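What follows is the residue order along each chain.
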Amino acid sequence: MTKIATREAYGQALVTLGAENPDVVVLDADLAKSTKTLAFKKHFPHRFFDLGIAEANMIGTAAGLATAGKIPFCSTFAVFATGRAYDQIRQSVAYPNLHVIIAATHAGITVGEDGASHQSVEDLALMRAMPNMTVFVPADAVETAGAVRAAVACDGPVYIRLGRSGVPVLHGDDFELVPGKAVEMRRGLDATIIACGLMVAQALEAAEQLAAEGIDVGVLNVHTLKPLDVQAIVNAAQRTGAIVTAEEHSIIGGLGSAVAETLAEHYPVPMLRVGLRDVFGESGKPDELLRKYGLTAEDIANAVQSLI
Amino acid sequence: MDMDQAVAELAEKARVIRRHIIAMLGEAGSGHPGGSLSAADIVTALYFREMRLDPSRPDWPERDRFVLSKGHAAPVLYAALAERGYFPVEELGTLRKLGSRLQGHPDMKKLPGVEMSTGSLGQGLAVANGMALAARLDGRDYRVYALLGDGELQEGQVWEAAMAAAHYALENLVAIVDYNGLQIDGPVSEVMAPEPVPDKWRAFGWHVLEIDGHDMRQILAAFAEARHTRGQPTAIIARTVKGKGVSFMENEVDWHGVAPKGEQIAQALEELA
Ligand SMILES: Cc1ncc(C[n+]2csc(CCOP(=O)(O)OP(=O)(O)O)c2C)c(N)n1
Ligand SMILES: [Mg+2]
């Protein structure tokens, strides 16, 4: 299966978008080569601003550009975008509800060798808790392009969580991302795995493994963490009676929390959360880290089996 | 209009604005008089002479922008906006009350004329940079003004933004430092000395002007010089007196964030009569 990193798809989507929409501007903080905004810079140098190693300033500058009708995409690593510039996102972007798109790359532990200082495990919790913020977690290259497009059509601030490592392409080119509408990747009766980002591919693999053992599980892909597709989650709970969430993020505050909140309020069923268990990551190869921290297809399959 | 008359009219307007500040804060029962009063002459000069504005069209794309980075001085901004006709003067009495458009710190989504929501110090200059860049991208000639506190200069983001503004040669940008020498915990020089302030801005690549921030002629001359400055942004370091115009508030650190009450309101208004 072809693998493409979502950051790679982001860089390409920006170039396409830049050609279509003259109001799109791109800001980076000395990571354009890594975040892949460099492609946009090459095509549209006068609409690209490198703010240097100054993330707070990048977010504030984007806010100012947005007040004048520009559509700024800001990129840096997720850990810096949401951590270093948290207050700027809160005060200068989210509170005034400005249309600033924060497309953060290198999210999660699959950053790999750089280690915990560069691995955001709490960015979704921070951005999900932020009023006005829309949160996308694309699972593949096609969803990334869709999220970029959808972000432009959104009203207020948008967070797009992107990864460093290659992930399988799950959708055909005809796939259309509808914000807030979860995608049923696979239908099943015994349990539902609700996943986002690169864990969607792992969830599909887990479903295959379980099918071989006669367990029929569905996979729901939540590419929009906010607004959350409450109906799709409740439907899955009603149909299958057991839910496992899977995310490359802390089990606190991200997808697992969002689903647990939804089930608790609307349709409580047994559930388990696969994700980082309140710990930081460390250096290692992405695959090694996914194994060590329990984020593989096997881990998901085990969670399903222990639940039903 | 000749200069003497213009200066006299602006001084009179600043007096009216100072009265509004006292009345609003008295009515609200909380808020920040010191830094509102120190900035009154500068803000008056901006709104009643320097800036290109049309209060009937707060969204006019060609308007000049003012970012009150020291957002706690909201009363001076509200008073200027009301006097300039953005909303009825009577509305000033709703400051900080439930349902009011005049939030404790400026909210651009609530009140027409407010260009940026502020309150978390250190952020306004970066936003002003973005506005100034947008003007360039759109080929518009509007200008952008940001007012910062001297204590606020301790925020690292100010210097990130200062570096960026010079890097992008934002000649349509003016940063004004309300150099009143005080912050909450004491004199700025004791809490975290910023000196030499003008040299710092110069070293960051700005055209720097030092003025008396209560001398209307100097304020206007500085804005005029900034308008003719090419290739770099202008920083106006305005020496001011915190609490200016109300004798018992002047240079008093304790009048940073408490509102006057009863007899204090009466005395302040009398001094500003
Ligand atoms: C990021 C941030 N930290 C702290 C505060 C609380 N605060 C409000 S005003 C102020 C002092 C500001 O001093 P200065 O910038 O000198 O303003 P001025 O003297 O003009 O009132 C502080 C610390 C804040 N608003 N924002
Ligand atoms: Mg001060």
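None of these values were measured; they are calculated from a predicted model.

## Some details on helix α13 (residues 297-307) of chain A
Residues and elements named next belong to chain A. Looking at α13, one finds that the buried residues are A297, I300, A301, A303, V304 and L307. One side of α13 holds all its buried residues, which, seen down the axis, span an arc of 155°. For α13, the secondary structure elements touched by its buried residues are β10 (191-195), α9 (199-212), β11 (217-221), β13 (243-250) and β14 (271-276).

## Topic: the side chain of Q119 of chain A
Along the chain, the position of Q119 of chain A falls in the loop between β5 (101-104) and α7 (123-128). Every residue in contact with Q119 of chain A, bar those within four places of it in the chain, is listed here: V79, G108, I109, V111, G112, G281, E282 and L289 of chain A.

## Things to note about the interface of chain B and chain A
Taken together, the contacts link 24 residues of chain B with 26 residues of chain A. Both faces combined, the contact of chain B with chain A buries some 2000 Å², and carbon together with sulfur accounts for 59% of it. Put simply, chain B and chain A have one salt bridge between them. Measuring nitrogen to oxygen at the nearest pair gives 2.5 Å for the salt bridge that ties K70 of chain A to D138 of chain B. For the side of chain B that touches chain A, the secondary-structure elements that each account for two or more residues are α5 (124-138) and α6 (156-167) of chain B. No other element matches the nine residues that α5 of chain B contributes to the side of chain B that touches chain A. Within the side of chain B that touches chain A, the residues separate by chemical class into twelve nonpolar, six polar and six charged.

## Describing the coordination of the magnesium ion (ligand 2)
Residue and element names in this part refer to chain B. Protein-derived coordination of the magnesium ion (ligand 2) comes from D150 (OD), N180 (OD1) and L182 (O), at a distance range of 2.1 Å. All donors to the magnesium ion (ligand 2) come from one chain, and their sequence spacing reads D-x29-N-x1-L. A residue pair is termed long-range when its members are at least 10 positions apart, and D150 in the loop between β2 (144-149) and α6 and L182 in the loop between β3 (173-179) and α7 (188-192) qualify at 32 residues. Accessibility expressed as a relative area gives 2% for D150, which makes it buried. Using a relative accessible area of 11% as the deciding quantity, one classes L182 as buried.

## Quick word on the layout of surface pockets
Residue and element names in this part refer to chain A. For the largest pocket, the calculated volume is near 440 Å³. In this structure, the largest pocket is lined by 22 residues; those nearest its centre are K3, P168, A201, Q202 and E205. Breaking the lining of the largest pocket down by element, the ones donating at least two residues are β8 (166-168), α9, α12 (286-292) and α13. Among the residues making up the lining of the largest pocket, the classes are represented as twelve nonpolar, five polar and five charged.

## Observations regarding the state of the cysteines
All names here are of chain A. Enumeration according to the criterion identifies zero disulfides over all chains in this entry. The closest cysteine sulfur to the non-disulfide-bonded C196 is located on C154, 17 Å from its own sulfur. Given the relative accessible area of 2%, C196 is considered buried.

## Quick notes on empty space enclosed by the protein
Here the structure, examined in full by the defined rule, presents two cavities of 30 Å³ or more. In this model, the largest cavity occupies a volume close to 140 Å³. What lines the largest cavity is a set of 15 residues, among which P138, G163, G197, L198 and E248 of chain A lie closest to the centre. The residue makeup of the lining of the largest cavity, split by class, is eight nonpolar, five polar and two charged. Of the residues that make up the lining of the largest cavity, three or more belong to each of domain 1 (3-168) and domain 2 (183-307) of chain A. A volume near 70 Å³ is recorded for the second largest cavity. Lining the second largest cavity we find Y47, L53, D54, R57, P58, R63, D64, R65, F66, Y86, G113 and E115 of chain B.

The rules we used
- Residues numbered from 1 in each chain as written.
- Chains lettered and ligands numbered in written order.
- Predicted model: local features only at pLDDT ≥ 70, side-chain atom pairs only at ≥ 80, totals over all residues.
- Heavy atoms only, no water.
- Buried < 20%, exposed > 50% of the residue type's maximum accessible area, 1.4 Å probe, protein only.
- Helix = DSSP H or I, 4+ residues; strand = E, 2+ residues; numbered from the N terminus.
- Arc of directions from axis to C-beta.
- Contact = heavy atoms within 4.5 Å.
- Buried area = accessible area lost by both parts, 1.4 Å probe.
- Salt bridge = Lys/Arg side-chain N within 4 Å of Asp/Glu carboxyl O.
- Nonpolar A, V, L, I, M, F, W, Y, C, P; charged D, E, K, R; others polar.
- Donors = N, O, S within 2.8 Å, 3.2 Å for Na, K, Ca; no water.
- 1 Å grid on protein atoms, 1.4 Å probe; cavity = no way out; pocket = protein on both sides within 12 Å on 5 of 7 lines; lining within 4 Å.
- Points joined across faces, edges and corners; volume = space filled by probe spheres on them.
- Disulfide = S-S within 2.5 Å.
- Domains from an automatic or database assignment.

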